Amino acid sequence: MEAEASSQTTGPKQNGALDRILQWQGWQSTDLLPLLGYAALTALMTYPLIFHLGGSLVGGRDIDTWMKLWDNWWFEQVVFHGQRAYFSPYMFHPIGADLRFHSIGWVIAALSWLFSLVLGRVGGYNAVTLLTTLSCSYCAYRLIDHIFQHKGAAWLGGVIFAFFPNGFAASGSWPDFSNLEWVPLLVLLLLLLTETKQIRYAILSGIVMALATWTSLYVMVIAGLTAGIVILVWLVSDRNWRDRGTLLRVLLFGILALSLSAPRLAPIFGEGSGELENALESKSDPTTTQVDVVALMTPSLFHGVFYRIPGFSDQVRKYPINYKHSAYLGVIPLFLAISSLWSANKRRIAAWIGCWVLFLLLALGPILRINGNVFPAIWMPAQLVRWLPFIRGMRPAIFMLGLALPMSVLAAAGIMVWAERLRSKRHVVHFALLAGVLVLILFEYWNGRFALQDASAPAFYQQIATDTSDFAIIDLPMGRQNSKPYMNYQITHGHPIVEGAPGRTASGQYDYIQSSDLLTAWRQKLSLDCAVLPYESSLRTLADDGFRYIVLHRDYYHEIPEYLPSYFVVDPIYEDSTITAYSIPDMLAAPSPCE
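Residues numbered from 1 in each chain as written. Predicted model: local features only at pLDDT ≥ 70, side-chain atom pairs only at ≥ 80, totals over all residues. Heavy atoms only, no water.

1. A few points about the pairing of strand 7 (residues 472-476)
Then, number 1: Of all 5 residues in strand 7, 5 are buried; the element is thus mostly enclosed.
Then, number 2: Taking every second residue as pointing to the same face, both faces of strand 7 are buried, with Ala472, Ile474 and Leu476 on one and Ile473 and Asp475 on the other.
Then, number 3: Judged from the 5 bridges that link them, strand 7 and strand 8 (residues 547-553) form a sheet pairing that is parallel. Within strand 8, the residue paired with Asp475 across the bridge is Val551. (Buried < 20%, exposed > 50% of the residue type's maximum accessible area, 1.4 Å probe, protein only. Helix = DSSP H or I, 4+ residues; strand = E, 2+ residues; numbered from the N terminus. Pairing = 2+ DSSP bridges.)

2. Describing the state of the cysteines
Then, number 1: Enumeration according to the criterion identifies 1 disulfide in this entry.
Then, number 2: Not engaged in a disulfide, the cysteine Cys139 finds its nearest cysteine sulfur in Cys136; these two sulfurs lie 7.3 Å apart.
Then, number 3: Left unpaired, Cys355 is separated from the closest cysteine sulfur, that of Cys136, by 16 Å.
Then, number 4: The class for Cys355 is buried, based on a relative accessible area of 0%. (Disulfide = S-S within 2.5 Å.)

3. Some details on the sheet that holds strand 7
Then, number 1: Taken in spatial order, the 4 strands make up an open sheet running 7-8-10-9, and their pairing is mixed. Either end of the sheet is taken by a strand with one partner, and the two such strands are strand 7 and strand 9 (574-575).
Then, number 2: Taken together, the 5 bridges between strand 8 and strand 10 (residues 579-583) define a ladder with antiparallel strand orientation. Bridging from a neighbouring strand, Tyr549 pairs with Ser583 of strand 10.

4. Focus: helix 10 (residues 217-236)
Note on helix geometry: an α-helix contains 3.6 residues per turn, so any two residues three or four positions apart are oriented the same way.
Then, number 1: Taking 1.5 Å of rise per residue, the 20 residues of helix 10 would be expected to cover 28 Å, and the 28 Å separating its terminal C-alpha atoms lies within 8% of that figure.
Then, number 2: For helix 10, the N-terminal cap is Ser216; the gap from its side-chain oxygen to the backbone nitrogen of Tyr218 is 3.0 Å. (Expected span 1.5 Å × (residues − 1). Polar contact = N/O pair within 3.5 Å; in protein donor to acceptor, adjacent residues only side chain to side chain.)

5. As for the side chain of Ser171
Then, number 1: Structurally, Ser171 is set in the loop between helix 6 (165-168) and helix 7 (175-178).
Then, number 2: Among the polar contacts listed, one links the side chain of Ser171 to the backbone oxygen of Phe168, at a separation of 2.9 Å.

6. With respect to the nonpolar core
Then, number 1: Counting 103 residues, the largest nonpolar core has Phe148, Phe163, Leu329, Trp352, Phe399 and Met400 as the members making the most contacts within it.
Then, number 2: In terms of residues, this core owes the most to one element, helix 10, which gives 12 residues.
Then, number 3: Once residues within four sequence positions are removed from consideration, Phe148 is found in contact with Arg348, Ile349, Val409, Ala412, Ala413 and Met416.
Then, number 4: Within the second largest apolar cluster, 69 residues are counted, among which are Ile104, Trp106, Tyr486 and Ala590. (Core = buried A, V, L, I, M, F, W, Y, C linked by side-chain atoms within 4.5 Å. Contact = heavy atoms within 4.5 Å.)

7. Regarding the packing of helix 10 against helix 11 (residues 244-269)
Then, number 1: Following both chains from N to C, one finds helix 10 and helix 11 inclined at 165°, their axes separated by 13 Å at the closest point. Compared by their axis directions, helix 10 and helix 11 come out roughly antiparallel. Every pair of crossing elements has a handedness; the one defined by helix 10 and helix 11 is left-handed. Two secondary-structure elements touch here, helix 10 through Leu217, Met220, Ile231, Trp234 and Leu235 and helix 11 through Thr246, Leu247, Val250, Phe253, Arg264, Leu265 and Ile268. (Axes fitted to C-alpha atoms, helices over the stretch in contact; angles between N-to-C directions. Parallel < 35°, antiparallel > 145°, perpendicular 65-115°, else oblique. Left-handed = near helix turned anticlockwise from the far one by under 90°.)

8. What about the pattern of salt bridges?
Then, number 1: Under the counting rule described, the total for this entry stands at 10 salt bridges.
Then, number 2: Close ionic contact of Asp98 with Arg100 constitutes a salt bridge, the shortest N to O distance being 2.9 Å.
Then, number 3: Taking the relative accessible area as the measure of exposure, Arg100 reaches 7% and is therefore buried.
Then, number 4: For Arg548, the salt bridge is made with Asp467, and the minimal N-O distance between the two is 2.8 Å. (Salt bridge = Lys/Arg side-chain N within 4 Å of Asp/Glu carboxyl O.)

Next comes the structure, spelled out in structure tokens:
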């Protein structure tokens, strides 16, 4: 009897904490459940990234991932080793690289460095990728909940924003495209400013706008245009523009944002218009970089189901700019967004309809493209603003990023419309509606298993990393795309390289390479012709300019081309299954192949 009584007494105590959690009535007033839901979806949609917060496997499908890893390393060189932020002597040795127009995300790099203190370089990078997705969903959720006061619809809107194909496809490889969390956070603070008229929200808005700028100039443009439409609609409604206090608070926001962003923007405009003009025109051909209209309704090529459909891959490849960055809007999200037009409070969605239309028109570009065919004779509204620097400097397709937030807000309004039409007060019915829509959206937005790449460097680079003397490396084959992995290897060996891949290549950047007979021959893949190429003097010049090693990446060549071995008549100092390394001093000491 005593034992039974004892068990009856201690039983509830053992389960008391769990019982209190399950019976806690505060779930509806906390964001814990929404955050847990977003965390679970982040782990699912980025699988298996969460299991690689250490080691050498980095998340990212594209070769640009290596540039972004280099950016994080460059942040350390600037902050802790005294390098100039917008000039690197580590690329295009010996003249160095102009980084004023390079797409480095300083906020991303700082966060990656912070996480790397615990998780290592690759783990820190992967952790920021996961944090980005989580913060995008949560910030959008808070904004939409503030607009509609409906947590279920807001949570679904956060899912649409975080996994919107164009932005989510950039996760890992292009963090300067995927870090869109500042956009909903900025709008939320601006709405609080308009409602409370408190100066602190003007200050916070200015800080967030500056953080967007230091994260990415692309995100800055998206955030600025979105905020501009929201502010404009608010000023026009109820004639708020007549209120001097309102105008002063908006002005304070603008001045603070510009002041905090000035150190990032000043180098771009500070040294003449010629280089700026070159950067604006680079990679922004309106005939190839706009969104194809058909691409808006074509799922990702990496989807696990659609790509199995015969002819689907060929169809997607008709949109070269949308091959990696899917422009898919989604049938369900688009249907919900259209349904928002029947919302009872159209004033709440007016600004978001404006944002949706603006970014769609900008994404379609100044020249229309339909199913791979270009129609230059058809006038497009984007031509009206093509002259603006921050419009002309972006590929039109990048404006698809701006569609993520209006799509999520309008879709949330649409799900509320359908929830009201169900005319059911039972929570289980509304939950079933949200769950069904969620599954369909996740299926539509699926971008395939999250890709992983090995970020480790060959052992040769680890060996020369211990040599602290000054010397540079020539990696072959040359070329911009090949240079991106070389930048990743540079993080290991820490020495200058002959080439590189800044986001925008400055004029004159290839002057040294073009002045070298050997580098020009290797770049153009020419056979050694001793009658026209002064082999020994050109090699000695490279040595005098600090180059010590030539590394042949056999895994990039696949097969060493016939023209290349004739340049090397000495034994390599290192060789493995992927690379062969030669010493330039050894090559100078050996008989010339031209003798």
